[in-house]
Amino acid sequence: MTGFTFLRRTVVLVAAALTLSQSLKAQSLSQGASTFHILGLQANGLVYAWGHGNQGQLGNDDNDNSSTPVKVVKGEYSGTTYLGDDTDNKITEVAVAYYHSIALASDGTVYAFGYNANGRLGNNSTSSSDTPVKVVNGEYSGTSYLGDNSSNKIISVAAGRNHSVALAADGTVYTWGSSDYGQLGNNSTGTSSDESTPVKVLKGAYSGTTYLGDDSDNKITAVTAGYFHSASVATDGTVYAWGRNDEGELGNSSTTDSSTPVKVTGVGGSG
């Protein structure tokens, strides 16, 4: 199969002018497959959240549920009051996980809020936060924070149940959080292998040199995250997946988990 169109995440993502209320129109929505809260992103860069807030995943400086949209406050974001309120550095993408949320700014930096067991907020901590914290660089080649290298910004984010994923402009992929089923793709599994800062996904079955996406002629162009697994698509249309596979979610004609990327069979490229 060629020309395979890969969904950027296995969550509900609606891009259009969807009316959330008479006064709020969303550019996009993000809801995880098994979550109880939603994020709405306005064209002006502001982020709204509603639903379950017991772990701070609504990002509004409390742990209460909300049946109406609330504005996510700025936290460590450099705006004035709310996340995305700097017109020169709007929020461009949001992702929702089980108990945490992620937002990507136009300058490439990444913000997370909510439950932080397993280090899923990526700020070198396991303390939960009800306001956005900035994801640190970890194995990313920036100065201090993930995406802060203007020559290699983060261009997309995704969130699984207890892990997070980010795609850099050069095609390489970074993950953090739990690796209990190998969903970080760095050849580690088990609760002792949690990562509270971003790690670089290894190449596995990808034809690069060391890391997934490191072939400049066949970059990774999109990433997604499932409950306990992750996936990506390369320029040539091939799809790679890693993590839990007990129900065949890696698509490689197997039910064996993999802690490095395997090639999904029968789609894109040479399959």
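Our subject is the structure that appears above.
Note that the coordinates shown come from a computational prediction; the quantities given were computed from them, not determined experimentally.

J.: What is the right way to read the sheet that holds strand S12 (residues 173-177) from this model?
T.: Across a sheet, strands are paired by hydrogen bonds formed along the backbone, either parallel or antiparallel in direction. Pairing is antiparallel in the open sheet, where 4 strands are placed in the order S10-S11-S12-S13. Since the sheet does not close on itself, it has two edges, and those belong to strand S10 (154-159) and strand S13 (195-200), each with one partner. Taking the axes of each pair of neighbouring strands and ignoring which way they run, one obtains an average angle of 20° across the sheet. Sheet analysis places strand S11 (residues 163-168) next to S12, joined by 5 bridges and oriented antiparallel. Within S12, the position partnered with Ser 164 by the bridge is Trp 176.

J.: Explanation requested: unusual backbone geometry in the structure shown.
T.: Trans is the common state for peptide bonds, and a negative phi is the common state for residues other than glycine. A positive phi is found at Asn 118, a non-glycine position, where the angle reads about 70°. With respect to the helices, strands and loops of the structure, Asn 118 is situated in the loop between strand S8 (110-114) and strand S9 (129-134). Even without being glycine, Asn 187 reaches a positive phi, approximately 70°. When you line up the elements, Asn 187 lands in the loop between S12 and S13.

J.: Sorry if this is basic, but what is going on with the pairing of strand S16 (residues 239-243) here?
T.: Along any regular strand the residues' side chains alternate between the sheet's two faces. Burial within S16 is extensive, with 5 of its 5 residues counted as buried. On S16, burial covers both faces: Val 239, Ala 241 and Gly 243 on one face and Tyr 240 and Trp 242 on the other are all buried. Here strand S15 (residues 229-234) pairs with S16 via 5 bridges, running antiparallel. Its bridge partner being in S16, Val 233 is matched across the sheet by Val 239. Hairpin geometry of S15 and S16 is characterised by an intervening segment of 4 residues between the two adjacent antiparallel strands and by a positive phi of about 95° at Gly 237. Direction of pairing for S16 relative to strand S17 (residues 258-263): antiparallel, over a ladder of 3 bridges. Of the residues in S17, the one forming a bridge with Ala 241 is Val 262.

J.: In this structure, what is going on with the nonpolar core? I would like to understand it.
T.: In summary, soluble globular proteins display a tendency toward joint burial of nonpolar side chains. Of all hydrophobic cores here, the largest spans 18 residues; its most connected members are Ile 102, Val 110, Val 135, Leu 146, Ile 154, Val 157 and Ala 166. Broken down by secondary-structure element, the contributors of at least two residues to this core are strand S7 (100-105), S8, S10, S11 and S12. Here the element with the most residues in this core is S10; it accounts for 3 residues. In this structure, Val 135 is in contact with Val 110, Ala 112, Leu 121, Gly 122, Tyr 145, Leu 146, Trp 176 and Pro 198, ignoring residues within four places of it in sequence. In this structure, Tyr 77, Leu 83, Val 94 and Phe 113 belong to the second largest nonpolar core, which totals 16 residues.

Scoring rules and cut-offs
Residues numbered from 1 in each chain as written. Predicted model: local features only at pLDDT ≥ 70, side-chain atom pairs only at ≥ 80, totals over all residues. Heavy atoms only, no water. Pairing = 2+ DSSP bridges. Helix = DSSP H or I, 4+ residues; strand = E, 2+ residues; numbered from the N terminus. Axes fitted to C-alpha atoms, helices over the stretch in contact; angles between N-to-C directions. Buried < 20%, exposed > 50% of the residue type's maximum accessible area, 1.4 Å probe, protein only. Core = buried A, V, L, I, M, F, W, Y, C linked by side-chain atoms within 4.5 Å. Contact = heavy atoms within 4.5 Å.

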